[in-house]
Amino acid sequence: MNPSSTSSSERRYRLRRWAINALLVVAIVGGIELVLRIPAVEARLPIRTLYHETGVVVRLDTLTRLLESYGRMDVLFVGSSVVRCNINPSVFDSVVGGGGEPAVVSFNAGLSGFWPASVRLYLEDLWLPRAKPSLVVQGIRFAELFPSKRARRFDRIVTGVVESAWEHPGPLNGATAWAFETFRILQYRGTLPSWLMRWRDGVPAAVEEDEVRVFTDSRGWTPRTPTLDVVLARQLLRNENPNPRLDDRDCCRDALEAIRQSARAVRRTGAEYILVNVPEHAFRWSGVDGGERYAAYLTLLRAFANSEGFEFIDVTRGDPDAFSSPREFSDYQHMSPDGARRFTALLAAELRARFDPKLTASSGR
Amino acid sequence: MLFNTPQYFFFFCFTLLAYYALPHRKQNLLLLALSYVFYGSWDWRFLSLLWLSTVIDYVAGLKIHRARELQRPRAMRAALLLSVGGQLIILGFFKYYNFFADSLMAMLDRFGMHPSLPLLHVVLPVGISFYTFQTMSYTIDIYRGAFTPTRNFVDFALSVAFFPHLVAGPIQRARSLIVQIERPRIVTCDYWERGLTLFAIGLIRKVAIADPAGALADAYFANPAAYTSVPLACGLFLYGFQIYNDFAGYSEMARGSANLMGFDLMRNFRHPYFARNISDFWQRWHISLSTWLRDYLYIPLGGNRRGPVRTRVNLMITMLLGGLWHGASWNFVIWGGLHGTYLVGYHSWREWRARHGITGDSREASALGAVASAIGVYVLVTFTWLFFRSHDMATTSAYLTGLFSFQPGGEGAIVPVLVLALMTMCIDVPQALSDNEHMLVEWRPAVRAAFVAAGLLLLLLSGNVGNEPFIYFQF
């Protein structure tokens, strides 16, 4: 240091004082860190904010509990909200296992608004390392093949502390992400302003986060209610249109590239990857050329899957009217619990027939 | 590069390491170069303006001094005019030209004339109001014979550009800073403890109190018509917390940074919301500006030496110009005018009491009166922030309408006000009671550690480190 008028004994005294102070601060912060890990305390606190959205934290916690209960994870469902609402892992497990103690353990990691690029990011850096599944099933619907304002959400996602380290790896980003993923005390970042903002109107406002308002079961499935007939009667759906003709395949390039990367990431871990068409309500394929439009969409995905060497499953077998009951949907793409049960059962039957030995083997791990 | 960003942390760590490794003269060169890097990180083009301002006052300072030695008062005045006029032209051109041109056109429009004056489309250079005032104090002090100019250009340039105080003060008197620049600094453990304490407290003020308060206040000011009286009143209190903690936090971080390099910058705030009267408030709020206005405007105008009427006129002029210093907008003029009115009222009341022989109350009545007076001043100052914060008269009018509509509802909006008030008081009360802004240093280790841990926790919970600029950067 520059010339100092402080004597060496004085400096030693000050250094000792600083060291004691630092130790005390570390002890207090460490104590708070431990308290934050007590489940009863955590339950009373807001959802942690280490990822771009709280839904990821909720899913991760659910997955952790599942892994603690079963010690393994066999099938992981990934995708957007159509996966989250339309695939019920409990139904899947019981159909594949035939009831009783599950022969397979599946988990639904679908998240609202996640287009293929976002699915790829979280799959590669979060779900695969944590869940270590033997089979990954990615669900997709027609609209997710095209860039949209929802797809642009990816830019916002990668501004998250942890997510930015995944997308832009580096020592500093990596260390920051590690710290945030490790220390609970860092995981409540920004909760004070959010809590204060809730009082803006004079009464504590309802939490806007979907994760707090909706029910998600222990397997990550989020049932969607009410049914489409009720929704239509209440005129809650507006500006809905049938899916257009798949004219320009170049538009799908980014989405297909993201799916390709997801499949490769899954295979690198030794797991199997399957792409699944998540059926939409028949309205989406209505019109004189509805069958042709649906066939073109399925042909594209099938050809893509063949070229990449993974399975593509379509439980509708090319029939655009396979899912047309308003009681099976909540809107034109999210299914009601009845619809989810039917679709999941069909999917489970397909997978059981194709991968039964693998599932049985994995259950014996 | 804001003080509350990781970029500043790395910049400052590098600065300190290099600074401690160098001898005194080279330290000054290093600080000058890094100060220009710091300023250039906003917009390198405005460096030329900073240099121009520096050169004008460096030359003017030497010329004034030379003329004084040769006993040539006219040359002294001419050099002073060059300095003050040059600085005011720079400030006026960039900060006030559009305001005056706009106002002139609006006025002529009322008389049926429709002139079309060209308007500037330039960004206000960061910190221009601060460094022009500081350099003006340099030449005025030399003109008054209070100070001998430095011949070392690097030392003078560093006094202007020294990065901790460059963009938002404190508006340091050149003479006090140049003396510190000219002498070798001794960075003792005391400086380290004081510097770190001040920086930490400033950071907590900014990130944990000012930014959340600002987010809430912004919501009320964005659409005042949507809220009832209580939330709108809360909005004013929240803005009061925001601007105080934002600016005091900035000043403390600036002074803390300077301390770590062995410099002492002047104190800018002395818990102003505990002021007992409006005059006391101005001795506690933005002290570097209020003392500047006192020394270089109010006293030269005659101060209180030319009778009661002239004293009041001088007060009003000082406060109106003080308001205008903050920005080229009628809202700031009204804000300054209101504070001027309060000061005039306070002085009149004091004189009335003196005329009627009312010198003091009993001890109890005096204590009660002091508390009531402090609360009254706080409420008055908080209400007046409305004019400071509103960007236009329409917002002010809508806010006032909602505030005085006395519509019921929204009482819960007081919760964030209480939380943020408590957080502010946790810093201000210990500082005020001990009359020591570095009170942490004196505390017992356990209490100090608890305070630091609580501050750390608040910073983590606030989370938006570096996202919000400081309010006074716009001035």
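Data block above holds the structure.
Residues numbered from 1 in each chain as written. Chains lettered and ligands numbered in written order. Predicted model: local features only at pLDDT ≥ 70, side-chain atom pairs only at ≥ 80, totals over all residues. Heavy atoms only, no water.

The next subject is the overall build of chain B. If you tally the helices and strands in chain B, you get 19 helices and zero strands. For chain B, the C-alpha radius of gyration of 23 Å lies close to 23 Å, the compact-globule estimate for 475 residues. By its C-alpha atoms, chain B is 70 × 65 × 55 Å across when sized along the principal axes. The buried share among the 475 residues of chain B stands at 58%. Across chain B, the mean location of the 37 positive side-chain charges is 10 Å away from that of the 27 negative side-chain charges. (Helix = DSSP H or I, 4+ residues; strand = E, 2+ residues; numbered from the N terminus. Rg over C-alpha atoms; globule rule 2.2 N^0.38 Å. Buried < 20%, exposed > 50% of the residue type's maximum accessible area, 1.4 Å probe, protein only. Lys, Arg positive; Asp, Glu negative; His and termini not counted. Charge placed at Lys NZ, Arg CZ, Asp CG, Glu CD.)

Right, let's talk about the packing of helix α5 (residues 128-143) of chain B against helix α6 (residues 153-161) of chain B for a bit. Residue and element names in this part refer to chain B. Here α5 crosses α6 at 140°, and the two axes come no closer than 9 Å. Classified by the angle between their axes, α5 and α6 sit oblique to one another. The segment α5 lies against α6, with Tyr131, Gln134, Thr135 and Tyr138 engaging Phe156, Ser159 and Val160. Here the contact of α5 with α6 is built from residues that sort into four nonpolar, three polar and no charged. (Axes fitted to C-alpha atoms, helices over the stretch in contact; angles between N-to-C directions. Parallel < 35°, antiparallel > 145°, perpendicular 65-115°, else oblique. Contact = heavy atoms within 4.5 Å. Nonpolar A, V, L, I, M, F, W, Y, C, P; charged D, E, K, R; others polar.)

What follows is about the packing of aromatic side chains. Residue and element names in this part refer to chain B. Tallied over the full model, the rule gives 72 aromatic pairs over all chains. Between the aromatic rings of Phe130 and Trp325, the centroid separation amounts to 5.0 Å while the plane-to-plane angle is 85°, which identifies the pairing as edge-to-face. With Phe130 in helix α5 and Trp325 in helix α13 (residues 307-326), the pair connects residues that are 195 residues apart, well separated along the chain. On the basis of relative accessible area, Phe130 is assigned to the buried category, the value being 2%. Judged by relative accessible area, Trp325 falls into the buried class, the value being 2%. (Phe/Tyr/Trp six-rings, centres within 6.5 Å; stacked < 30°, edge-to-face > 60°.)

Turning our eyes to something else, we now look at the pairing of strand β1 (residues 75-78) of chain A. Residues and elements named next belong to chain A. Side-chain alternation along β1 places Val75 and Phe77 on one buried face and Leu76 and Val78 on a second face that is also buried. Note that β1 and strand β2 (residues 106-108) share three bridges and pair parallel. Within the sheet, the bridge partner assigned to Leu76 lies in β2 and is Phe107. Where β1 meets strand β3 (residues 135-140), four bridges bridge the pair, whose relative direction is parallel. Looking at the pairing, Val75 lines up with Leu135 of β3. (Pairing = 2+ DSSP bridges.)

A word on the side chain of Thr396 of chain B. All names here are of chain B. As for its placement among the helices and strands, Thr396 is situated in helix α16 (residues 393-403). Among the polar contacts listed, one links the side chain of Thr396 to the side chain of Ser390, at a separation of 3.3 Å. In this structure the side chain of Thr396 is engaged in a polar contact, spanning 3.0 Å, whose partner is the backbone oxygen of Asp392. Apart from residues no more than four positions distant in its own chain, Thr396 is found in contact with Asn331, Leu386, Phe387 and Ser390. (Polar contact = N/O pair within 3.5 Å; in protein donor to acceptor, adjacent residues only side chain to side chain.)

Before going further, it helps to examine unusual backbone geometry. For the peptide bond that leads from Thr225 of chain A to Pro226 of chain A, omega is -5°, which places it in the cis range. Residue position: Pro226 of chain A is located in the loop between α11 (210-213) and α12 (228-233). Its identity as a non-glycine residue notwithstanding, Asn239 of chain A has a phi of 55°, on the positive side. Tracing the backbone shows Asn239 of chain A in the loop between α12 and α13 (253-268). Of note in the backbone geometry, Gln71 of chain B takes a positive phi value of approximately 55° without being a glycine.

Another aspect to go through is the pattern of salt bridges. Across all of its chains, the model carries 41 salt bridges over all chains by this definition. The partner of Arg284 of chain B in a salt bridge is Asp280 of chain B, with the nearest N and O atoms 3.1 Å apart. You can call Asp280 of chain B buried: its relative accessible area is 15%. When salt bridges that share partners are traced, they join Glu42, Arg48, Asp61 and Arg184 of chain A into one network. (Salt bridge = Lys/Arg side-chain N within 4 Å of Asp/Glu carboxyl O.)

The subject of this paragraph is the interface of chain A and chain B. Size of an interface: often given as the accessible area lost when the parts come together. Tallying the contact residues gives 32 residues for chain A and 44 residues for chain B. Counting the surface lost from both chain A and chain B, the interface buries some 3,200 Å², and carbon and sulfur atoms represent 70% of this. The interface formed by chain A and chain B holds one salt bridge in total. For Glu193 of chain B, the salt bridge identified is with Arg17 of chain A, shortest N-O distance 2.6 Å. Remark: the boundary between chain A and chain B carries seven residue pairs in polar contact (both at pLDDT 80 or more). (Buried area = accessible area lost by both parts, 1.4 Å probe.)

Tallied over the entire structure, the rule returns zero disulfides over all chains. Free cysteine: Cys426 of chain B, not disulfide-bonded; nearest cysteine sulfur from Cys234 of chain B at 19 Å. (Disulfide = S-S within 2.5 Å.)

With that out of the way, let us pick up helix α14 (residues 290-308) of chain A. All names here are of chain A. Helix length check: α14, at 19 residues, gives a terminal C-alpha distance of 27 Å against a target of 27 Å (1.5 Å per residue), a fit within 8%. Inspection of α14 places Gly290, Arg293, Tyr294, Tyr297, Leu298, Leu300, Leu301, Phe304, Ala305 and Glu308 among the buried residues, and these make up the whole buried set. Burial along α14 is one-sided: seen end-on, the buried residues are contained in an arc of 145°. Opposite the packed face of α14, turned more than 90 degrees from it, sit the exposed residues Glu292, Asn306 and Ser307. Those residues of α14 hidden inside the fold are in contact with β3, α13, β4 (272-277) and β5 (311-313). Two residues or fewer after α14 comes Gly309, characterised by a positive phi angle close to 80°. (Expected span 1.5 Å × (residues − 1). Arc of directions from axis to C-beta.)

Looking now at the sheet that holds β1 of chain A. All names here are of chain A. Reading across from one edge, β2-β1-β3-β4-β5 is the order of the five strands in this open sheet, with parallel pairing throughout. Because the sheet does not close on itself, it has two edges, and the strands there are β2 and β5. When the angles between neighbouring strand axes are averaged without regard to direction, this sheet yields 20°. Relative to β4, β3 runs parallel, the two being bridged by six bridges. The residue of β4 that forms the bridge with Gln138 is Leu275. In the packing of α13 onto the sheet, contacts are made with β3 and β4, and the angle to β4 comes to roughly 145°.

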